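Chain by chain, the residues run as shown.
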Amino acid sequence: MIEIKDLHKNFGSLEVLKGIHLHIKTGEVVVIIGPSGSGKSTLLRCINRLEETTSGTIIVDSYDINDINTDINFIRSETGMVFQQFNLFPHMTVLHNVTLGPVKVRKLSRTKAKKVGMDLLIRVGLGDKANAYPDQLSGGQKQRVAIARSLALNPKAMLFDEPTSALDPELVGEVLEVMKTLATEGMTMVVVSHEMGFAREVADRVFFMDDGVIVEENTPEMFFTHPQHERTKAFLKMVL
Amino acid sequence: MGFEFKYSVVWESIPLLLVGVKLTLLLTLFGLLIGFFLGTAAGLGKTSRSWIFNKISGVYIESIRGTPLMVQVMFIYFGLPMALNTRIPSLLAGAVAIALNSGAYIAEIVRGAIQSIDKGQTEAGRSIGLTQFQTLLYVIWPQAFRRMIPPLGNQFIISLKDTSLLVVIGVGELTRTGQEIIAVNFRAFEVWTSVALIYLVMTLSLSKILSITEKKLEIKA
């Protein structure tokens, strides 16, 4: 589903990604953890080209995303992105947020899009908030709307960029719950997160990133109980 | 003998002044309408990554903002026709000057409002597969436009008052009408008082309309 070969990313003279290789299969849930500044978010943002790649290849759903012949808007619509800061459109109702993609990108009729949107809002437990505006919602509710907005395009994979980091502790659970359901339904997911519990419970594989490289990857059991690398051990000691 | 304010002069002047008001409003409306399009284009040009759009917009904005409106008016009415060996009606020259002038200031308002919208909004729009133009149209512009209203209102009021400068090319707007009345009756105090009050009524109404629009478009929270 997602294949990355020797990905490098520089911001000016600062090399943030120093040769990333990874392969994520369809239906797999991968959680990327690591200290801040390790390049986790940059890696995720490269996958739907919110950041331009400096060198290397990224294949998403058999399309080379940096190929000039690839329709990047199409690829983006096939890979949902959930942001730390939600980034809902504040001037639109919750339902309108969710239906914008289906109507403008997928060219669905308004009636059809509304049906899709309502179904999704009910799925994330916000059917009663369809006509509310984002600023009237709690953080957890906003993030669930953001997930519904991405799902409305029926994507093949979902990217989560620290989806619970901006939430009050008591609101984290409701968002993780939605993500868990999504994982059990077979969605391909790449999640940058500090939620070790979620990684342990839901991930098929856990990647540990530090200083622009993937230091270690393993199944959650092995990763948390038998970390191989010194840097992983040191990090886990600090967060667990 | 003390000065006596003759109300009768005011009443007699008003019908004449209203003819001037009509031109003032027409010039303002036309000038701002074109100015808004020019300003939007130049403002978007300034936020564009295209070097050429950026430069063209920059030159336009800086050259207009860096020269006095009075000079621009005379350049358009007296200067340009001489170089082009033609004549243009003073009303047209006046409207063009107001449009060009307000456009440059509106461009900066548009640019500032667009750049004030969080980058995450663009990213969210692009991430659901919207094109750059769709993102601008559906996500950025509606939010930016709300932020433009107060400074746009300011610019509208400035442009309305700026039309008075068109007396120098003989456009028969409100100020010019005032001058003409005084040339006949010599009652400068009454006539300028009336003229000032009429400008004040127009600018206050404009402020009111804009504040109502702003309330109507407010994002619900």
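These numbers were taken from a predicted model, which means no experiment stands behind them.

K.L.:
Report on the overall build of chain B, specifying residues and quantitative values.
P.N.:
Along its length, chain B carries eight helices and zero strands. Listing each helix as α and each strand as β along chain B from the N terminus yields α-α-α-α-α-α-α-α. Across its three principal directions, the C-alpha atoms of chain B cover 75 × 50 × 25 Å. Here chain B holds 221 residues, and 43% of them are scored as buried. A sequence separation of at least 24 residues applies to 76% of the contacts in chain B between residues at least 6 apart. Accessible surface computed for chain B: about 12,100 Å², of which carbon and sulfur atoms make up 70%. Across chain B, 19 positive and 12 negative side-chain charges occur, with their mean positions spaced 8 Å apart.

K.L.:
Run through the overall build of chain A, naming residues and quoting values.
P.N.:
Helix and strand counts for chain A come out as nine helices and ten strands. For chain A, whose C-alpha radius of gyration is 18 Å, the value lies close to the compact-globule estimate of 18 Å for 240 residues. Along the first, second and third principal axes, the C-alpha set of chain A runs to 55 × 45 × 30 Å. A burial count over chain A gives 58% of its 240 residues as buried. Taking all contacts inside chain A whose residues are at least 6 apart in sequence as the whole, residues at least 24 apart take part in 64%. Carbon and sulfur atoms make up 50% of the accessible area of chain A, which amounts to about 10,100 Å² in all.

K.L.:
How would you summarise the nonpolar core if you had to cite specific residues and measurements?
P.N.:
Counting 65 residues, the largest nonpolar core has A:I2, A:I4 and A:L43 as the members making the most contacts within it. By residue number, the principal contributor to this core is helix α6 (residues 132-162) of chain B, which donates nine residues. Each residue touching A:I2, except ones within four places of it in the same chain, is listed here: A:L22, A:H23, A:I24, A:I47, A:I59, A:A157, A:L159 and A:V190. Grouped together as the second largest cluster of nonpolar side chains are 48 residues, A:A148, A:F198, A:A203 and A:F223 included.

K.L.:
Give a detailed account of the sheet that holds strand β5 (residues 63-64) of chain A, specifying residues and quantitative values.
P.N.:
Residues and elements named next belong to chain A. Strand order across the open sheet formed by four strands is β2-β1-β4-β5, with antiparallel pairing between neighbours. On the outer flanks of this sheet lie β2 (14-24) and β5, each paired with one strand and no other. Contacts between helix α1 (residues 40-47) and the sheet are confined to β1 (2-11), β2 and β4 (55-60), with β1 contributing the most and set at about 120° to the helix.

K.L.:
Any chance you could break down the side chain of B:T163 for me, citing the residues and the numbers?
P.N.:
Mapped onto the elements of the fold, B:T163 is located in the loop between α6 and α7 (174-185). Excluding residues within four positions of it along the chain, B:T163 makes contact with B:T24, B:L27, B:T28, B:I98 and B:E173.

K.L.:
Lay out the interface of chain A and chain B in plain terms, naming residues and giving numbers.
P.N.:
Tallying the contact residues gives 25 residues for chain A and 22 residues for chain B. With both chains or domains summed, chain A and chain B bury close to 2,000 Å², and 60% of this area falls on carbon and sulfur atoms. Our enumeration of links across chain A and chain B arrives at one salt bridge. For the salt bridge of A:R45 with B:E123, the shortest nitrogen-to-oxygen distance reads 2.6 Å. Our count for the contact surface shared by chain A and chain B stands at eight residue pairs in polar contact (both at pLDDT 80 or more). Of all the secondary-structure elements, those providing two or more residues to the side of chain A that touches chain B are α2 (72-78), β6 (79-82) and α3 (94-104) of chain A. Counted by class, the side of chain A that touches chain B contains eleven nonpolar, eight polar and six charged residues.

K.L.:
Run through helix α8 (residues 188-217) of chain B, naming residues and quoting values.
P.N.:
Helix length check: α8(B) (30 residues) gives 43 Å between terminal C-alpha atoms against 44 Å at 1.5 Å per residue, within 8%. Within the sequence span of α8(B), burial applies to B:E190, B:V191, B:S194, B:V195, B:I198, B:Y199, B:M202, B:T203, B:L206 and B:L210.

K.L.:
How would you summarise unusual backbone geometry if you had to cite specific residues and measurements?
P.N.:
The residue A:S62 is not glycine, and still its phi comes out positive at about 70°. With respect to the helices and strands, A:S62 occurs in the loop between β4 and β5. Residue classification places A:S62 among the exposed residues on the basis of a relative accessible area of 66%. Notably, B:N85 is not glycine yet its phi reads approximately 55°, a positive angle. In this structure, B:N85 sits in the loop between α3 (69-84) and α4 (90-116).

K.L.:
Outline the pairing of β4(A), supporting the account with residue identities and numerical values.
P.N.:
All names here are of chain A. Pairing analysis gives five bridges linking β1 to β4, with the strands arranged antiparallel. The residue bridging K5 from the neighbouring strand is T57, located in β4. Taken together, the two bridges between β4 and β5 define a ladder with antiparallel strand orientation. Opposite I59, over in β5, you have D64 as the bridge partner.

K.L.:
Help me get a handle on the sheet that holds strand β8 (residues 188-192) of chain A, residues and values and all.
P.N.:
Each strand in a sheet pairs with another by means of backbone hydrogen bonds, the pair being arranged parallel or else antiparallel. Residue and element names in this part refer to chain A. Here we have six strands laid out as an open sheet, ordered β6-β7-β8-β3-β9-β10, and mixed in their pairing. The open sheet has two free edges, formed respectively by β6 and β10 (213-218), since each of these has just one partner strand. Adjacent strand axes in the sheet meet at a mean angle of 20°, parallel and antiparallel pairs treated alike. Relative to strand β9 (residues 205-210), strand β3 (residues 29-33) runs parallel, the two sharing four bridges. Pairing of V30 across the sheet is with R205, part of β9. The sheet strands contacting α1 are β3, β6, β7 (157-161), β8 and β9, and the helix crosses β7 at an angle near 150°. Those strands touched by helix α9 (residues 230-239) are β3, β9 and β10, and its axis lies near 100° from that of β9.

K.L.:
Please provide a residue-by-residue account of the environment of A:G212, values included.
P.N.:
Within the secondary structure, A:G212 is located in the loop between β9 and β10. When neighbours within four sequence positions are excluded, A:G212 is seen to be in contact with A:V16, A:L17, A:K18, A:G19, A:I20 and A:S38.

Definitions and cut-offs
- Residue numbers here run from 1 along each chain, matching the order of that chain's written sequence.
- Both sets of labels track the order of writing: A upward for chains, 1 upward for ligands.
- Only residues with pLDDT of at least 70 get local features here, since the model is predicted, and only at 80 or more are side-chain atom pairs given and counted; chain-wide, interface and lining totals rely on the full set of residues.
- Side-chain measures here rest on the full set of heavy atoms in the structure, leaving out hydrogens and waters.
- Secondary structure elements follow DSSP: runs of H or I of four or more residues count as helices, runs of E of two or more count as strands, with numbering from the N terminus.
- Each residue is placed in one exposure class: buried if its accessible area under a 1.4 Å probe, protein chains only, is under 20% of its type's maximum, exposed if it is over 50%, and partly exposed if it falls in between.
- Throughout, a residue-residue contact means that at least one pair of heavy atoms, one from each residue, lies within 4.5 Å.
- Each accessible area value is a Shrake-Rupley result obtained with a 1.4 Å probe; residue values ignore everything except the protein chains displayed when judging cover.
- Charge assignment: positive for Lys and Arg, negative for Asp and Glu; neither His nor the chain ends contribute.
- Charge placement uses NZ in Lys and CZ in Arg. For Asp and Glu, CG and CD serve respectively.
- Radius of gyration here is computed from C-alpha atoms only, and the compact-globule reference equals 2.2 Å multiplied by the residue count raised to the power 0.38.
- Take the buried residues of types Ala, Val, Leu, Ile, Met, Phe, Trp, Tyr and Cys, join any two whose side-chain atoms come within 4.5 Å, and each joined set is a nonpolar core.
- In this analysis, strands are considered paired if DSSP registers two or more bridges between them.
- Only the stretch in contact is used when fitting a helix axis, every axis being a line fitted to C-alpha atoms; angles between N-to-C directions are given from 0 to 180 degrees.
- Note: buried area is the sum, over both parts, of the accessible area (probe 1.4 Å) each one loses when the two are combined.
- Basic side-chain nitrogens of Lys or Arg form a salt bridge, by our definition, when they fall within 4 Å of a carboxyl oxygen of Asp or Glu.
- Here a polar contact is recorded for every N or O atom pair within 3.5 Å, except that within protein the pair must consist of a potential hydrogen donor and a potential acceptor, and residues adjacent in sequence are included only if both atoms are side-chain atoms.
- All residues other than Ala, Val, Leu, Ile, Met, Phe, Trp, Tyr, Cys, Pro, Asp, Glu, Lys and Arg, Gly among them, are scored as polar; the first ten of these are nonpolar and the last four charged.
- Here a helix's expected span is defined as the number of its residues, less one, multiplied by 1.5 Å.

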